[in-house]
Amino acid sequence: QVQLVESGGGLVQPGGSLRLSCAASGRIFSIDVMGWYRQAPGKQRELVTHITSGGITVYADSARGRFTIARDNAKNTVYLQMNSLKPEDTDDYSCRANARGGWSERYRDVWGQGTLVTVSS
């Protein structure tokens, strides 16, 4: 089983920065895409950004230019650097990894428990 643990959320003032981390552990053979999603109460989860094992990135329009995703394949960890934060960035942020535990297994989506980001003065 692959588990994801996020950290780095919290309260920040508008214009501030936060760095989220998501570390995968457990029985890991390989991880394809790792990404960050956000969800507000009563709304659907939406993509913030993701990155492939080869470093190809995709960003939502709301994140492009302010957020940066990075990945350390050796540590099975993905990071989200969030700059110039706005009150509308307030949400629960979850990490997702498309991973498999053995060479013969198929890739499965694994989700972290989420970390709350609050942008407020």
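Here the structure is shown first, and the text comes after it.
Below you will find a few notes about this structure. A quick note: this is a predicted structure, and the numbers were derived from the prediction, not measured. (Residues numbered from 1 in each chain as written. Predicted model: local features only at pLDDT ≥ 70, side-chain atom pairs only at ≥ 80, totals over all residues. Heavy atoms only, no water.)

### Concerning the pairing of strand β5 (residues 46-51)
Looking along a regular strand, one sees the side chains alternate between the two faces of the sheet.
Point 1. Sheet analysis places strand β4 (residues 30-39) next to β5, joined by five bridges and oriented antiparallel. Paired with Met34 across the two strands is Ile51, which belongs to β5.
Point 2. Following β4, the chain reverses through six residues before pairing antiparallel with β5; Gly42 in that reversal takes a positive phi of roughly 80 degrees.
Point 3. As defined by bridge partners, β5 adjoins strand β6 (residues 57-59) across three bridges and the pair is classed as antiparallel. Paired with Thr49 across the strands is Tyr59, a residue of β6. (Pairing = 2+ DSSP bridges. Helix = DSSP H or I, 4+ residues; strand = E, 2+ residues; numbered from the N terminus.)

### Comments concerning the state of the cysteines
Point 1. For the structure shown, the criterion picks out one disulfide.
Point 2. The residue that forms a disulfide with Cys22 is Cys95, at a sulfur-sulfur distance of 2.1 Å. With the S-S dihedral at roughly -80 degrees, the linkage between Cys22 and Cys95 falls on the left-handed side. On the criterion of sequence distance, the pair formed by Cys22 in strand β3 (residues 18-26) and Cys95 in strand β9 (residues 91-100) is long-range, its members being 73 residues apart.
Point 3. Assessed through its relative accessible area of 0%, Cys22 is described here as buried. (Disulfide = S-S within 2.5 Å. Buried < 20%, exposed > 50% of the residue type's maximum accessible area, 1.4 Å probe, protein only.)

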